[in-house]
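In case you want the letters, here they are:
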Amino acid sequence: MPTVRDLRAKAGEEPITMLTAYDAPTAAIVDEVGVDVVLVGDSVGNTTLGYETTLPVTVEDTARHVGAVARATEEALVVADMPFLSFGVDERESLENAGRMLKEEGADAVKLESGPHTVELTEKMVNLGIPVMAHLGLTPQHVNQYGGYPRQGTDPEAAERIVDLAEAHEEAGAFSLVLEHVPSNLAREVTETIDVPTIGIGAGPDCDGQVLVFHDAVGLSEWSPSFSKQFGDVRGEMLSAVESYVEAVEEGSFPAAEHSHEEADLDELY
Ligand code: KIV
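Residues numbered from 1 in each chain as written. Predicted model: local features only at pLDDT ≥ 70, side-chain atom pairs only at ≥ 80, totals over all residues. Heavy atoms only, no water.

### Examining unusual backbone geometry
Backbone torsion omega between Phe254 and Pro255 reads -5°, so that peptide bond is classified as cis. The topology assignment puts Pro255 in the segment after α11 (234-251). Even without a glycine there, the phi angle at Leu85 is positive, about 65°. Assignment of secondary structure puts Leu85 in the loop between β3 (77-81) and α5 (91-103). One non-glycine residue, His181, lies in positive phi territory at about 50°. Following the sequence through the fold, His181 ends up in the loop between β6 (176-180) and α9 (184-193). (Helix = DSSP H or I, 4+ residues; strand = E, 2+ residues; numbered from the N terminus.)

Written as structure tokens, this is what we have:
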């Protein structure tokens, strides 16, 4: 079972792989293949719960999905992505919500969409024994402030702020850092500046690892961002399986004899 220390040790040695998962069968597949980190992202809101953004995801939603993923994961590190306003409003509540993911649901660590407001909180969590993965660049919980999902760190001041915040979160004890939708040269600079592993999504090839949303990676999403890549056509496979099922029922070829049974004792009755 890898720990956050193992992950830190991998930085700069071997690329780190991370994928999201939200349910037990998906987590089992991701784990079986040997992915290092399973992130129970708040992207569960868009991918699984049918919301347009991640904002409506609750602590209860997260807990339920983290539990399912943790029960099905044997090797990978399980990281719980703390949902919008479950952290950062009230310190005690933030710590209890994050602690619950480890204590009751089996997560190994939490991820916080980070900024100046999460430096102290990260330190507090780490001191209490809750490993924290920070997340800088595009933080989708700020969608209403951004007015969409634009690239981040594209001018020198914004880029400098991201480097400074990366250092501050490393000093606060974060064991790794997700960098989302930032220029590759900025991600390279952050990766060279800090010692803990950087994990990129839309941040170029020079991070210590990469993360994608499962549904985008396997081709289950109807739409996926330009920085993502579909490595399969699971949506196509599912459509074709469902079509075959409907056709078989409609034409009467399912269920066949091998899917049914007759009970001899009932012969006299029927
Ligand atoms: O919620 C999520 O899936 C994420 C990843 C995109 C990093 O935060």
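Now that the structure is up, let's keep going.
### Here we look at the site of the ligand
Every residue lining the ligand is accounted for by Thr20, Leu39, Gly41, Asp42, Ser43, Asp81, Lys111, His135, Ile201 and Val213. Asp81 has a polar side-chain atom sitting 3.1 Å from an oxygen atom of the ligand. At 3.0 Å, a side-chain N or O of Lys111 approaches an oxygen atom of the ligand. Alone, the ligand offers 250 Å² of accessible surface; in the complex the protein occludes 95% of this. A class-by-class count of the residues in the shell around the ligand yields three nonpolar, four polar and three charged. (Near = heavy atom within 4 Å. Polar contact = N/O pair within 3.5 Å; in protein donor to acceptor, adjacent residues only side chain to side chain. Areas by Shrake-Rupley, 256 points an atom, 1.4 Å probe, with all protein chains shown as cover. Nonpolar A, V, L, I, M, F, W, Y, C, P; charged D, E, K, R; others polar.)

### So, the pairing of β3
Counting buried positions over the five residues of β3 gives five, a clear majority of the element. Burial of β3 is two-sided: the residues Leu77, Val79 and Asp81 facing one way and the residues Val78 and Ala80 facing the other way are all buried. Where strand β2 (residues 37-40) lies against β3, four bridges are found, and the strand directions are parallel. Bridge pairing links Val38 to Val78 in β3. Inspection of the sheet shows β3 paired to strand β4 (residues 109-113) by three bridges, in the parallel sense. Among the inter-strand pairings, Val79 is bridged to a residue of β4, identified as Ala109. Crossover β3 to β4 through α5 is right-handed. (Buried < 20%, exposed > 50% of the residue type's maximum accessible area, 1.4 Å probe, protein only. Pairing = 2+ DSSP bridges. Right-handed = clockwise from strand over helix to strand, strands pointing away.)

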